[in-house]
Amino acid sequence: MSKPGPSSALPKEDFNDGLVRLLECPVCSEYMTEKIFICRNGHNVCSTCKPKLGNCPTCRGELIETRCLFAENIAQKLLYPCMHSDYGCPKRLLLKDKKKHESKCVYSLHECTNAKSGCTKKISLNEKAKHELKCPYRKLYCPNASEGCSEPIVFKDRKIHELFCPYRVFQCGNLERGCEEKYFLKDKPSHEEGCVYRLINCENIKEGCTSKIVFKNKSDHESVCQFRLYDCIPCKPDGCMWKGRRHMLVKHMSEDHRIAVWRNKTNLGVWCDYDSSKDRRYAGLVSVYGELFWYSHKFDSAIGKCYWAIQYVGQKDYCTKFRYHLTIYTDMKEGPSVTFAGVPMASDTEDIEQVYESNSAVCLDSCMLEKYVIDKSMRIKFKIKLIK
């Protein structure tokens, strides 16, 4: 016997699939499985599409009410692909098993559980858990939940939320100036408005002060600011309530009190009617180098001490740029004299009584002072020097 030649039969799966394709409705392309109708020429159409048609969609012939029982019976014997085959399901099933499988098919598409948060993606059941683990619309707790934030946030918006979260903890921006306080974003305006370490303008800004000062140091700065309001220091003990700007001092002293205003670097004065039993006070204003200085002198008869001091009028730090020399002598050319050279300059912000007790003043006992008195008078010379 001769061997049989190569088989021309189709593989079983191809044969099944070929028949299944024949059962596709020519109108809706769905599988015809129940109540398959034919036209007079034997073309098929499904029961869903037939009522909508006037003629056969294949040959344009008349549609009749006859069903093709052969096709209906074949349909029950074939294996159909799962409706989710386009998404990866490899299953082929009988019609009686198809619906049950498709209801639980792991390749079926489902809404993401984060759909209410904005996710529109449809994912297969077997990919659902993986997707939701990384879904940009998944819900998270705010990192500041322990501080009080209970607002649910979507993952994709987390950075924006965290940036503007009212419970975000801030370090005060004035840390470098000493504020170590931390606060919530919601409390930021109230904290910054009241922070004692915030920078503010000096109240004398309209007068020309450009300094930025720490609020807690406001009083300290404004008490020594060169643009502040000045008191009439020499005449304040006598009741003078004048206040004015620095450039107005010369006019006030010379016009309202007629106190000497010296305009020389070296100045001479005479102390007449010296009496060791009487107190004495004297003050004057010196205008040199484009600057102002108070010259003050006091004799305290109770303790027998005499004081001299010169104070710089203006910014406190500038007083270190100056020194003064003070000489006390008789009016005789060959008479005794004493000179105090390079005495430090005090600031006008310092109380004059405290200056008298400091190293910025010259102090002599009355017994020493009387060596330079002739006929109840002595001469005093002082010189202000600019240190370069």
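All values reported here derive from a predicted model rather than from experimental measurement. (Residues numbered from 1 in each chain as written. Predicted model: local features only at pLDDT ≥ 70, side-chain atom pairs only at ≥ 80, totals over all residues. Heavy atoms only, no water.)

**Remarks on the pattern of salt bridges**
- Using the criterion set out here, one finds 21 salt bridges in the structure.
- Residue Arg40 pairs with Glu62 through a salt bridge whose shortest N-O separation is 2.9 Å. Here the residue Arg40 occupies a position in the loop between β1 (37-39) and β2 (44-45), and Glu62 occupies one in the loop between β2 and β3 (63-67), the gap between them amounting to 22 residues.
- Classification of Arg40 by relative accessible area gives exposed; the value is 59%.
- Among the charged side chains, a salt-bridge network with shared partners connects Glu203, Lys218 and Glu222. (Salt bridge = Lys/Arg side-chain N within 4 Å of Asp/Glu carboxyl O. Helix = DSSP H or I, 4+ residues; strand = E, 2+ residues; numbered from the N terminus. Buried < 20%, exposed > 50% of the residue type's maximum accessible area, 1.4 Å probe, protein only.)

**Description of the sheet that holds strand β25 (residues 378-386)**
- Strand order in this open sheet of four strands is β17-β25-β21-β22, and the pairing throughout is antiparallel. Two strands close off the open sheet at either side, each with one partner strand: β17 (266-271) and β22 (337-344). If you compare each strand with its neighbour and ignore which way they point, the axes differ by 15° on average.
- As paired strands, β17 and β25 are joined by six bridges and run antiparallel to one another. Looking across to β25, one finds that Gly269 is bridged to Ile380. (Pairing = 2+ DSSP bridges. Axes fitted to C-alpha atoms, helices over the stretch in contact; angles between N-to-C directions.)

**Some remarks on the environment of Arg158**
- Residue placement: Arg158 occurs in helix α5 (residues 158-164).
- C-alpha of Arg158 to C-alpha of Leu386: the two residues are 228 residues apart in sequence and 64 Å apart in space.
- Excluding its chain neighbours within four sequence positions, the residues that come into contact with Arg158 are Leu140 and Ile153. (Contact = heavy atoms within 4.5 Å.)

**Side note on the UniProt feature "zinc finger region: TRAF-type" (unreviewed entry) in the protein**
- Summarizing the sequence annotation, UniProt attributes the feature "zinc finger region: TRAF-type" (unreviewed entry) to residues 161-213 in the numbering used throughout.
- A distance of 35 Å separates the end C-alpha atoms of residues 161-213, which is 21% helix and 21% strand. (UniProt positions renumbered as here; feature names shortened; annotations may be inferred.)

**What to know about the environment of Ile36**
- Tracing the backbone through its elements, the reader meets Ile36 in the loop between α1 (12-22) and β1.
- Once you skip the residues sitting within four places of it in the chain, Ile36 turns out to touch Leu23, Asn44, Val45, Thr66, Arg67, Cys68, Ala71 and Glu72.

**Observations concerning helix α3 (residues 95-104)**
- Listed in full, the buried residues belonging to α3 are Leu95, Lys98, His101 and Glu102. Buried residues of α3, viewed axially, fall in a sector of 105°; they line one side. Opposite the packed face of α3, turned more than 90 degrees from it, sit the exposed residues Lys96, Lys99, Lys100, Ser103 and Lys104.
- In this structure, the buried side of α3 is in contact with α2 (69-77), β4 (80-81) and β5 (92-93). (Arc of directions from axis to C-beta.)

**Considerations on α2**
- Of the residues making up α2, those classed as buried are Ala71, Glu72 and Ala75. Down the axis of α2, the buried set is contained in an arc of 100°. They therefore lie on one face. α2 presents Leu69, Phe70 and Lys77 as exposed residues on the side facing more than 90 degrees away from its buried surface.
- Close packing links the buried residues of α2 with β3, β4 and α3.

**Topic: the nonpolar core**
- Residues Trp271, Phe293, Trp308, Met345 and Leu369 are the most contacted members of the largest nonpolar core, which totals 29 residues.
- At the level of secondary structure, the elements contributing two or more residues to this core comprise β18 (280-288), β19 (291-300), β20 (305-313), β21 (322-329), β22, β24 (361-365) and β25.
- Ignoring any residue separated from it by four or fewer positions in sequence, one finds Leu369 in contact with Trp271, Tyr274, Cys306, Trp308, Ile328, Leu364 and Met378.
- Leu23, Met32, Ile36 and Cys56 belong to the second largest nonpolar core, which has 20 residues in total. (Core = buried A, V, L, I, M, F, W, Y, C linked by side-chain atoms within 4.5 Å.)

**Brief notes about the UniProt feature "domain: SIAH-type" (unreviewed entry) in the protein**
- Under the local residue numbering, the UniProt record ascribes the feature "domain: SIAH-type" (unreviewed entry) to residues 77-137 and 197-258.
- With 34% helix and 16% strand, residues 77-137 has its two end C-alpha atoms placed 45 Å apart.
- Helix and strand shares over residues 197-258 are 26% and 16% respectively, and the end C-alpha atoms of the span are 45 Å apart.

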